[in-house]
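# Fold and contact review
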Amino acid sequence: MELQQMRYVLAVAETNSFTRAAERCLVVQSALSHQIARLERELGAKLFERTSRRVRLTPAGAAFLPAARQAVEAAERAAAEVAAAVGEVRGRLSVGLIPTVAAADVPGALREFRRRHPHVRIGLRVGASDELTEQVREGVVDVAFLGLPATSQPRGVAAHELGRDRLVAVAAPDHPLTAEPAVDLRRLSSEVFVDLPAGTAGRLQSDQAFAAAGLTREVAFEVNTADSLMARLVGAGLAVALLPAAYAPTLDGVTVIEVTDAPTRVEHVVWSLAGRPPAATAFLSVLGIPGTRPAPVPSGTASVRRSGRG
């Protein structure tokens, strides 16, 4: 059993196609198919069901996949550690982030990281804070940017606070709320809301604030992430939303309204307690996180970190 065979199996499983897998792996399809067939003979089981219309994993293939992925990732980590030992950062970097990150210039950090370490392959995942925290714990994501209520702390991961920000209300430009210079939670409690799913960290900060004030509200629309869909629902006049003050002005088609008793959202960057691959350490260094390995910054390079509002 060879690592390259495992890479071929992973590529086919991820693309559901021998043709696309061969293109991804930069080999001819016949060579990829031959290597997978060799591996299947060695294992004594078919890994894929092949028809004229589709390719899918067999039960044996599904059982093989997790260990194969771990083996390939372990080999890549080993190569990255060797490269780091001789002063070069290689391998992969997986970064997770919520859509509302505002306390760090993530694109700027990635640009500087690529300038310093051009041989690292970077993968980005967008998700909710709870989901990303779990992925960091499981080793699927190396570094993640989270937004949590001020009453919560990231659990099971190493964390560094990046900044704090108050929430503001956003509404359609012709909504009656926009005629007021500021509103409070009691005034907002009579509105229909769009928010993240109940129980998520992003939703919790608002739910806790209304509960602490002895108020209830109607969340008629739930979305998985605070992205353009939320803004479109707000802009259409279907609902209002509470969003971080540093993020809300970036949305089109909505008006921002200050909230006098708004809750605070805290942004964190997190990584695994079990240790960091060299690429993750180098990325945290670019962010200026204390305790990470310093990387040389050329003269004239601007800082990529900025704090959120207090």
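Given the structure is predicted, the values throughout are model-derived calculations rather than measurements. (Residues numbered from 1 in each chain as written. Predicted model: local features only at pLDDT ≥ 70, side-chain atom pairs only at ≥ 80, totals over all residues. Heavy atoms only, no water.)

What the chain contains, in helices and strands, is ten helices and twelve strands. For the chain, the spread of C-alpha atoms along the three principal axes comes to 70 × 50 × 30 Å. Counting over 310 residues, the chain shows a buried share of 47%. Carbon and sulfur atoms provide 52% of the accessible area of the chain, an area that totals close to 15300 Å². (Helix = DSSP H or I, 4+ residues; strand = E, 2+ residues; numbered from the N terminus. Buried < 20%, exposed > 50% of the residue type's maximum accessible area, 1.4 Å probe, protein only. Areas by Shrake-Rupley, 256 points an atom, 1.4 Å probe, with all protein chains shown as cover.)

Within the fold, E267 resides in strand β12 (residues 264-272). At a separation of 3.0 Å, a polar atom in the side chain of E267 contacts the main-chain amide nitrogen of A102. At 3.0 Å, the side chain of E267 and the side chain of R265 are in polar contact. If we skip the residues at most four places from it in the chain, E267 touches T100, V101, A102, A103, A104, L146, G147, H160, E161, L162 and G163. (Polar contact = N/O pair within 3.5 Å; in protein donor to acceptor, adjacent residues only side chain to side chain. Contact = heavy atoms within 4.5 Å.)

Here we come to the packing of helix α2 (residues 18-25) against helix α3 (residues 29-43). Running from N to C, α2 and α3 cross one another at 105 degrees; their axes reach a closest spacing of 9 Å. Accordingly, the angle class assigned to the pair α2 and α3 is roughly perpendicular. Across from F18, T19, A21, A22 and C25 in α2, the residues of α3 making contact are Q29, L32, S33 and I36. Its residues assigned to classes, the contact of α2 with α3 shows six nonpolar, three polar and no charged. (Axes fitted to C-alpha atoms, helices over the stretch in contact; angles between N-to-C directions. Parallel < 35°, antiparallel > 145°, perpendicular 65-115°, else oblique. Nonpolar A, V, L, I, M, F, W, Y, C, P; charged D, E, K, R; others polar.)

Here we come to the side chain of T15. Mapped onto the elements, T15 comes out in helix α1 (residues 3-15). Contact partners of T15, with chain neighbours within four places excluded, come to R20, A21 and R24.

Right, let's talk about the pattern of salt bridges for a bit. The full count for this structure, using the stated rule, is 17 salt bridges. We note a salt bridge from R56 to E49, for which the minimum N-O separation is 2.8 Å. Two residues, R115 and E112, come together in a salt bridge whose shortest N-O distance is 2.8 Å. Taken as a pair, R115 and E112 lie in helix α5 (residues 106-116) at a separation of three residues, close to a single helical turn. What makes R115 partly exposed here is its relative accessible area of 45%. (Salt bridge = Lys/Arg side-chain N within 4 Å of Asp/Glu carboxyl O.)

Below, the discussion takes up the pairing of β12. Of all nine residues in β12, eight are buried, a share of seventy percent or more. Two elements, strand β5 (residues 143-149) and β12, share seven bridges in a ladder whose sense is antiparallel. Bridge pairing links P149 to R265 in β12. Looking at chain direction, strand β6 (residues 157-171) and β12 are connected through nine bridges and run antiparallel. If you follow A158 over to β12, its bridge partner there is W271. (Pairing = 2+ DSSP bridges.)

The tally for this structure, following the rule as stated, stands at four aromatic pairs. Between the aromatic rings of F18 and F48, the centroid separation amounts to 5.8 Å while the plane-to-plane angle is 75 degrees, which identifies the pairing as edge-to-face. Placement of the pair is F18 in helix α2 and F48 in strand β1 (residues 48-50), with a sequence separation of 30 residues. The pair F18 / F48 is uniform in exposure class, with both members buried. Look at F113 and F283: their rings are 5.8 Å apart centre to centre, the planes differ by 85 degrees, and that puts the pair in the edge-to-face class. (Phe/Tyr/Trp six-rings, centres within 6.5 Å; stacked < 30°, edge-to-face > 60°.)

To continue, consider α3. The terminal C-alpha atoms of α3, which comprises 15 residues, lie 21 Å apart, in line with the 21 Å expected from a rise of 1.5 Å per residue. Taken residue by residue, α3 has L32, Q35, I36, L39 and E40 as its buried positions. Buried residues of α3, seen end-on, are gathered within an arc of 140 degrees and therefore sit on one face of the element. Exposed residues lying more than 90 degrees from the buried face of α3 are S30 and R41. Following α3 by one or two positions, G44 has its phi on the positive side, about 75 degrees. (Expected span 1.5 Å × (residues − 1). Arc of directions from axis to C-beta.)

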